[in-house]
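# Breakdown of the fold
Chain by chain, the residues:
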Amino acid sequence: MGVRVASEWLNSCSGCEISIIDMGERLLDVLKVADIVHIPALVDSKYFGPLGDQKHLSLPEADVGLISGGIRNEEHLEVALEMRKKCKIIIALGTCATHGGIPAMANSWTSAQMMERVYSTETTDRPEAFPADGLPPLLDACCAVDEKIKVDIYLPGCPPHPDQVFNALVALVQGKPLSVSNKSVCDTCPTVRKGKGELKQVRRFLQAPHYNAPDEPLDQMRCLLEQGLLCMGPVTRAGCGGDAVTPRCISARVPCRGCSGPVRHEGNQLLDMLNALASNGIDIKSIPNRPLLLRFSGGHSLLKPAIQERRSS
Amino acid sequence: MSQTITIQPITRIEGHASIKIWLDEMGNFSDARVNYMSLRGFEKFVEGKPAEELPDIVCRICGICPWMHHLASNKAVDRCFGVAPTPAGHKLRELMQTIAHAEDKLLHFYFLAAPDFVIGPDADYAVRNVVGIAKANPELAAQVVKMRYLVKMILDKFSRKTIHPIAGVPGGFSKPMLEEERKDILEKMRQVLDFALFTIDFAKKNVFPKYLEAIKTLGVITTGFIGTVDPSGAHNLYDGKLRLMKADGSYVDFDAQDYADYLGEHVEPWSYGKFPYARVWNEGFALDVDQPRGIYRANTLARINVADRMATPRAQAELEEFRSLFGRPAQATLLYHYARLIEEVYACERAIEILEDPEITDPNVRAKVEPKAGRGVGCVEAPRGTLIHDYSTDANGLVTRANLIVGTTHNLGPMNLSVKQAARALIHDGQVTEGILNRIEMAVRAYDP
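Residues numbered from 1 in each chain as written. Chains lettered and ligands numbered in written order. Predicted model: local features only at pLDDT ≥ 70, side-chain atom pairs only at ≥ 80, totals over all residues.

## Considering the overall build of chain A
What counts is decided by this rule: A run of DSSP states H or I qualifies as a helix once it reaches four residues; a run of E qualifies as a strand once it reaches two. Both are numbered from the N-terminal end. Only the C-alpha atoms count toward the radius of gyration. The rule for a globule is 2.2 Å times the residue count to the power 0.38. Exposure in this text rests on C-beta crowding, where 20 or more other C-beta atoms within 10 Å of a residue's own make it buried, 12 or fewer make it exposed, and counts in between make it partly exposed. The C-beta atoms are placed from the backbone. For the purpose of contact definition, each residue receives a C-beta atom placed from its backbone, and two residues are in contact when these atoms lie within 7 Å.
Secondary structure summary: chain A contains nine helices and seven strands in total. For chain A, the C-alpha radius of gyration of 21 Å lies close to 20 Å, the compact-globule estimate for 313 residues. Principal-axis analysis of the C-alpha atoms gives chain A an extent of 65 × 55 × 35 Å. Within chain A, the proportion of its 313 residues that are buried is 49%. Taking the intrachain contacts of chain A between residues at least 6 apart in sequence as the baseline, contacts between residues at least 24 apart amount to 80%.

## Re the overall build of chain B
The helix and strand tally for chain B stands at 14 helices and 14 strands. Relative to the globule expectation of 22 Å for 449 residues, the C-alpha radius of gyration of chain B, 21 Å, shows essentially globular dimensions. Overall, the C-alpha framework of chain B stretches about 70 × 50 × 40 Å when taken along its three principal axes. Looking at the 449 residues of chain B, the share that counts as buried comes to 64%. Expressed as a percentage of contacts within chain B between residues at least 6 apart in sequence, the contacts between residues at least 24 apart total 71%.

## Digging into the nonpolar core
In globular proteins that are soluble, nonpolar side chains generally tend to be buried together. Inclusion rule: Structurally, a nonpolar core is described as a collection of buried Ala, Val, Leu, Ile, Met, Phe, Trp, Tyr and Cys residues joined by way of C-beta atoms within 7 Å.
Counting 235 residues, the largest nonpolar core has I67(A), I342(B) and V419(B) as the members making the most contacts within it. In terms of residue count, helix α4 (residues 87-119) of chain B provides more of this core than any other element does, 17 residues in total. Leave out the neighbours within four places in its chain, and I67(A) touches E8(A), L10(A), A80(A), M83(A), I90(A), A92(A), L93(A), A97(A) and V145(A).

## Concerning unusual backbone geometry
Following C158(A), the chain continues to P159(A) via a peptide bond in cis, the omega torsion being -10 degrees. Examined against the element boundaries, P159(A) turns out to sit in the loop between β7 (153-155) and α6 (162-174). Note that the residue after R328(B), namely P329(B), is joined by a cis bond; omega there is -10 degrees. Relative to the assigned elements, P329(B) resides in the loop between α10 (313-326) and α11 (335-355). The residue S14(A) is not glycine, and still its phi comes out positive at about 75 degrees.

## With respect to α10(B)
Residue and element names in this part refer to chain B. Formally: Under the convention used throughout, the expected extent of a helix is 1.5 Å for every residue step, that is, one less than its residue count. What the arc covers is the set of directions going from the helix axis to the C-beta atoms.
Taking 1.5 Å as the rise per residue, α10 with 14 residues should run 20 Å; its terminal C-alpha atoms sit 20 Å apart, in good agreement. Every buried residue belonging to α10 is among A315, E318, L319 and F322, and all of these are buried. Mapping the buried residues of α10 onto a view down its axis gives an arc of 105 degrees, with all of them on the same face. Residues of α10 that are exposed and angled more than 90 degrees away from the buried face: P313, E320 and S324. Summarising the contacts, the buried residues of α10 are in contact with α7 (179-207), α9 (300-306) and α11. With its phi angle positive at about 75 degrees, G327 sits one or two positions after the end of α10.

## Focus: the sheet that holds strand β3 (residues 29-36) of chain B
All names here are of chain B. Under the convention used in this document: A pair of strands is treated as paired once DSSP finds two or more bridges between them. Inter-axis angles, ranging from 0 to 180 degrees, are taken between N-to-C directions of lines fitted to C-alpha atoms, where helices are fitted over the stretch in contact.
The antiparallel open sheet is built from three strands, whose spatial order is β1-β2-β3. Lying at the two open borders of the sheet, with one neighbouring strand each, are β1 (3-7) and β3. Neighbouring strand axes in the sheet, compared pairwise and without regard to direction, differ in orientation by 15 degrees on average. Relative to strand β2 (residues 17-23), β1 runs antiparallel, the two being bridged by five bridges. Of the residues in β2, the one forming a bridge with Q3 is L23. Contacting β2 and β3, helix α13 (residues 412-426) crosses the sheet at an angle of about 150 degrees to β3.

## Side note on the packing of α7(B) against α11(B)
Residues and elements named next belong to chain B. Spelled out, the test is: Note on terminology: angles under 35 degrees are roughly parallel, angles over 145 are roughly antiparallel, angles of 65 to 115 are roughly perpendicular, and the others are oblique. Should the near helix be turned anticlockwise from the far one by less than a right angle, the crossing is termed left-handed; should it be turned clockwise, right-handed. Any residue outside Ala, Val, Leu, Ile, Met, Phe, Trp, Tyr, Cys, Pro, Asp, Glu, Lys and Arg is labelled polar, Gly included; the first ten of those are nonpolar and the last four are charged.
Put simply, α7 and α11 touch, their axes get as near as 9 Å, and they point 160 degrees apart. Between α7 and α11, the angle falls in the class roughly antiparallel. As α7 packs across α11, the resulting crossing turns out to be left-handed. Across the interface between the two elements, R182, I185, L186, M189, R190, V192, L193, A196, L197, T199, I200 and A203 from α7 touch L341, I342, E344, V345, C348, E349, A351, I352 and L355 from α11. Considered class by class, the residues forming the contact of α7 with α11 number 16 nonpolar, one polar and four charged.

## Examining the domain arrangement of chain B
Residue and element names in this part refer to chain B. Just so we agree on the cut-off: As annotated, the domain borders come from an automatic or database domain assignment.
According to the domain assignment, chain B consists of domain 1 (1-38 + 423-449) and domain 2 (84-218 + 332-367). Taking only C-alpha atoms into account, the centre of domain 1 sits 30 Å from that of domain 2. Tallying the contact residues gives 14 residues for domain 1 and 15 residues for domain 2. Examining the composition of the side of domain 1 that touches domain 2, we find that seven residues originate from one element, helix α14 (residues 434-445), more than from any other. Residue composition of the side of domain 1 that touches domain 2, by class: seven nonpolar, two polar and five charged.

## A few points about the domain arrangement of chain A
Residues and elements named next belong to chain A. With domains assigned, chain A is organised as domain 1 (3-174) and domain 2 (182-282). Centre-to-centre, using C-alpha coordinates, domain 1 lies 30 Å away from domain 2. Listed by partner, the interface residues are 11 residues for domain 1 and 10 residues for domain 2. Mapped by element, the contributors of at least two residues to the side of domain 1 that touches domain 2 are α4 (95-99) and α6. Classifying every residue of the side of domain 1 that touches domain 2 gives four nonpolar, six polar and one charged.

## Observations concerning the interface of chain B and chain A
Of the residues lining the interface, 77 residues belong to chain B; the matching set on chain A comes to 74 residues. Counting only elements with at least two residues in the side of chain B that touches chain A, the list comes to β1, α1 (42-45), α2 (54-58), α5 (130-136), α6 (138-159), β9 (263-266), β14 (399-405) and α14 of chain B. In terms of residue count, the dominant contributor to the side of chain B that touches chain A is α6(B) (five residues). In terms of residue class, the side of chain B that touches chain A is made up of 37 nonpolar, 17 polar and 23 charged.

## Side note on α13(B)
In a regular helix each residue adds 1.5 Å, so 15 residues correspond to 21 Å; α13(B) covers 21 Å between its end C-alpha atoms and thus fits that length. Most of α13(B) is tucked away: 13 of the 15 residues are buried.

Have a look at this one:
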């Protein structure tokens, strides 16, 4: 019998699960040594038994539990607790699970404010009360998984590169320790940095960065931050490019938006970036919306309704 | 004693949903619901953000169709800022979207739906999945994994990031296509077209005939349809006008900018997901299996129903064969799978057409944009259906308001009707088996991308 793997998605988009499938033919190799006992996207395993008549939510036991998505409602919490109970090792898969991810942008508002907008848009027939009948109540915020249960391994990324998922699974199957990068995107970026502090303002990404020819190699293009674009490379964990290393956004000639979360797990991308800009003499008032620097890491109470209220008052 | 059955989670679909079925004292159908359990609030939390950043934020609505959100959002921002993408930028966007459709349909047919048809709806759940297929038919499975990976890596290699794309930008695309890239992708898409033709032949010979009875009965309801057509009335996935068809085949065409005059969203107390309906029909909204009101369907079957024809030759030949068997509009829910494979052929043919257009390698891929106050609706056909992003911006180009109608939600009402219909037809005298419950889930799976 191989290593038993259970996988769950919570407040998520299923991109992490597709990244697992994007291992391609390596997926077939993984399936030879791993028994997938639970993964809603691919396997018919049910919370309340095959006939849907059991009273309590239950998951099969597993050696490794992958959890993608943050924890946003009571059902997510119940599933996360059950995964912790049944799995020996819990992996937080993807930046939603490690830091809240994009859905934690909602943490700048209360749940009531959020529902007020969703159920009163131009096309919506506004109901007398928000939906609640038999639905899992929302928590106060979208939380990273480790705000609610113990996490053993963090694999950030939006989504994590298939190479990272594959390497992690191989390490677990072989019982070897998993090496996690503590480099920043900048540490792995080939663009040219001159380090001269002539820049005073950051500009919005409304036109292409400068480069000389469509096929100009990246190591001849000037650093995008030095070109004035708000590139989150300095405060973002490396690894989005997988084994090929080169940061994905830079190689598409767009600035890094920070999707792998902070370089250190407990880092703060907003404060770290403001520090980095200020220490280089860049006017941080030129940033149009500062909470956006936490767009991938607003869990752990980093984004709160109060921040928004302070901003608007 | 009455009984409640909870099918949770609905598996082999892309997302979070559950089914509840209530039986009366005699063990017969009383009612059923499909619940969408997820509420993330994108319509709220994009407020105040620079509009040009939205395409990279809203793609996180869906990790399966991120290109669709990415591109609908780019179109909406183009409109807000009053800019038209350059011709090459427009074509690169459509190319990415079309290839993403080609990938998604392979994923859905083989990984998610096929276990019901190839392994069988009553098979042990432990083997009724893609792993079971790999064991039962290793050669086909290896071919499927290889072809799907080939398509996915075309997107990944060229655009640099395909789950949560970054390369579409307001005004066009972030990087041009080089001639060697064009040749390489063209050669690969020809292989994918061959595989698409193999797949539809395989399904017509080995899959659909075996399940003809199920196709005629399982989850069958009568509704209207929505989809996108080009100015000549031909099927289109990326651009055109919206066509809203009634069950009798009559239709209205409208510009996506005017969507709010035609569509509304109903709220039920038991679902976080909203229920779009045809407000313009002036009949309200009712989830009544025998007399639904305001209900139309989106996604593959809807698109080929509303279209006068397919815009590419092989897909058109398939549509003609399909129509000779099932008419227009075809209502049987499991025909979504058949329609999906016709669209797979179209997506491959269309991608090849775009790649054969010399303008695709023009280096002028991005028009300059300036932030300004405006309103814009961006619309594309996502695998699950018509996708609408509607934003307003202030003078600084920050988003003041957003309204989204996401592909999946059009079919929330119809999925509820199909599940009610299936449960009512299949459950009698308290006899509930795994096979019956899986058949009821199949009525939901058909609507997946």
